[in-house]
Amino acid sequence: MAKSTSPPEETDDNHPTLESLADRLGKPEPGLLEALLDGTTESQLVERGRQIASSRVLTDMRRLYATAHACWSSASKDKRETLRGFSPELLALAVEQALALERLLEAHESAGQKKDATRATKDAALRERFSRALILRDQAYEVLRGVGGSGKEAREELAQAVGTAEDPGALARGLTQLAALGKRYLAQKKGPLAVRAKLMRLDQDYVERLEETAEELTQAAKTAAARPAGQKVTSGDLDRADGINLILLEQIVRVFERGNEQDPTIPRLVPIATRRLFSRSTRKKAVSAPSGGSTGGTPPATGGTPPADDDPVEDDDAPV
C-alpha cells in the first residue's frame with residue numbers, strides 16, 4: 001500500500017468491545033441483512049469467506065467498527081453528510097453479524113477440542129484394553145500348553161487357537177479360540193488331561209474371563225473406530241458467516257475511504273489482518289492545467305479523477 005498523506009487511523013488500544021458497541025447501537029431491525037444480501041448467492045458468500053480465516057476478519061472488525069462508531073458519534077452534521085452510505089443502523093447490523101461470527105468460531109473451536117479430547121480418550125482406553133488382553137492371552141497360552149501336554153497334535157491345535165495379535169480383532173479372536181479350547185479340556189472329567197487341568201488351575205471361571213476380555217476388547221475397538229457425531233458448526237457455516245461479514249466490513253471501509261477524500265479529518269479504516277483482501281492502489285492525483293496554455297489546449301481540471309480501474313475498493317466483482 002502506498003504511503004498515505006491523510007491522518008493515520010485511530011490506534012487507541014482501549015477500543016470498546018463488540019458487545020459494548022452492540023449495547024450502544026441497539027439491535028438492528030429485522031430484514032436488514034436479507035435486504036443487503038439480496039442478489040448474493042450462498043455460493044458467493046461461502047467462496048468469499050473461504051479466502052481468509054475467521055479470526056483475522058474478527059481482528060479487523062473489532063478495531064475498525066470501534067473507530068467508525070467513535071467518528072460518527074462525535075461528527076458534526078456536515079461531516080455526517082460526507083459519510084453518505086454509512087449509518088448507525090448499518091454499523092449495528094455489522095456489529096451483530098460480527099458477534100454471530102465470534103460465537104460460531106468459539107463453538108467450532110470448542111467442538112474441535114472436544115473431538116480431539118474424546119479421540120485421545122478412546123485411543124487410550126483401547127491401548128489399555130489391548131495391553132491387558134495380550135498379557136492374559138500369553139498367560140492362557142502357557143496354561144493350556146501345560147494342560148494339553150507335549151503331544152504334537154495338542155501343540156499344533158494350541159498354536160492354531162492362539163493366532164496373532166496384529167490388531168485388536170485378531171487378539172480378540174485368539175482369546176475366544178483359547179477359551180473354546182479350554183472348555184474342551186474341561187469337558188474331560190477323567191484321565192491325565194483332567195489331572196493337568198486341575199494342576200494348572202484351569203476352571204470355568206478362567207475360561208469365562210478369557211471370553212469377557214475378548215468381548216471388552218472388541219467393544220473398545222468399535223468405540224475407537226466409530227465416527228464422531230457431526231459438529232454443529234461446520235467449516236461451511238464459518239465460511240458463509242465470513243462472507244457476510246466481509247461484505248459489511250467492505251461497505252463501511254469504502255464509505256470512510258470516500259469520506260476521507262473529501263474531509264481528511266475523517267479517519268481511513270485501514271484493514272490490517274485482512275489487508276490482502278482490501279489492499280488499495282495509489283490514488284491518481286488531479287491533473288492541473290498548464291499555465292498560459294493555448295485556447296485549444298486541455299481544459300483545466302476541476303477536481304480529482306475517478307477511481308483508478310485497478311483500485312480493489314472499486315472492485316465490480318464484489319458481491320456488494
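Throughout this description, residue numbers start from 1 for each chain and increase along the sequence as written. In view of the model being predicted, local features appear only for residues whose pLDDT reaches at least 70, and side-chain atom pairs are presented and counted only at 80 or more, with totals across whole chains, interfaces and linings using the full set of residues. Hydrogens and water are ignored here; the side-chain numbers use all heavy atoms of the structure.

### Some details on helix α9 (residues 192–199)
Note the following rule: Categorising residues by exposure relies on relative accessible area from a 1.4 Å probe, with only protein chains included: less than 20% of the type maximum marks a residue as buried, more than 50% marks it as exposed, and the intermediate range marks it as partly exposed. Working definition: helices are DSSP H or I runs of at least four residues, strands are E runs of at least two. Numbering for both runs from the N terminus. Working note: the arc is built from the helix axis to C-beta atom directions.
Those residues of α9 lying buried are Leu193, Ala194 and Ala197. Here the buried residues of α9 occupy an arc of 100 degrees about the axis, which is enough to place them on one side. In α9, the exposed positions angled more than 90 degrees off the buried face are occupied by Pro192, Val195, Lys198 and Leu199. The first or second residue beyond α9 is Arg201, which carries a positive phi of 60 degrees.

### Focus on the packing of aromatic side chains
We apply this condition: Centre distance within 6.5 Å is the pairing criterion for rings of Phe, Tyr and Trp, where only the six-membered ring of Trp is used; planes under 30 degrees apart are then read as stacked, over 60 as edge-to-face, and the remainder as tilted.
For the coordinates displayed, the defined rule picks out two aromatic pairs. Measuring from ring centre to ring centre gives 5.3 Å for Phe86 and Phe256, while their planes differ by 80 degrees; the resulting arrangement is edge-to-face. Of this pair, Phe86 sits in the loop between α5 (77–82) and α6 (88–148) while Phe256 sits in helix α11 (residues 235–262), and the two are 170 residues apart along the sequence. On the basis of relative accessible area, Phe86 is assigned to the buried category, the value being 6%. Here the aromatic residues Trp72, Phe86 and Phe256 are joined through ring pairs into a cluster of three or more.

### With respect to the pattern of salt bridges
Where charged atoms from two side chains of opposite charge come close, those side chains can pair. Let me state the cut-off plainly: The salt bridge definition used is simple: a Lys or Arg side-chain nitrogen within 4 Å of an Asp or Glu carboxyl oxygen.
Under the defined criterion, the tally for this structure stands at 16 salt bridges. The partner of Arg50 in a salt bridge is Glu47, and the shortest N-O contact between them spans 2.7 Å. Linking Arg62 and Glu102 is a salt bridge whose minimum nitrogen-to-oxygen distance equals 2.7 Å. Taken together, the residues Arg62 in helix α4 (residues 54–74) and Glu102 in helix α6 connect sequence positions 40 residues apart. Among the charged side chains, a network of salt bridges with common partners joins Glu47, Arg50 and Asp239.

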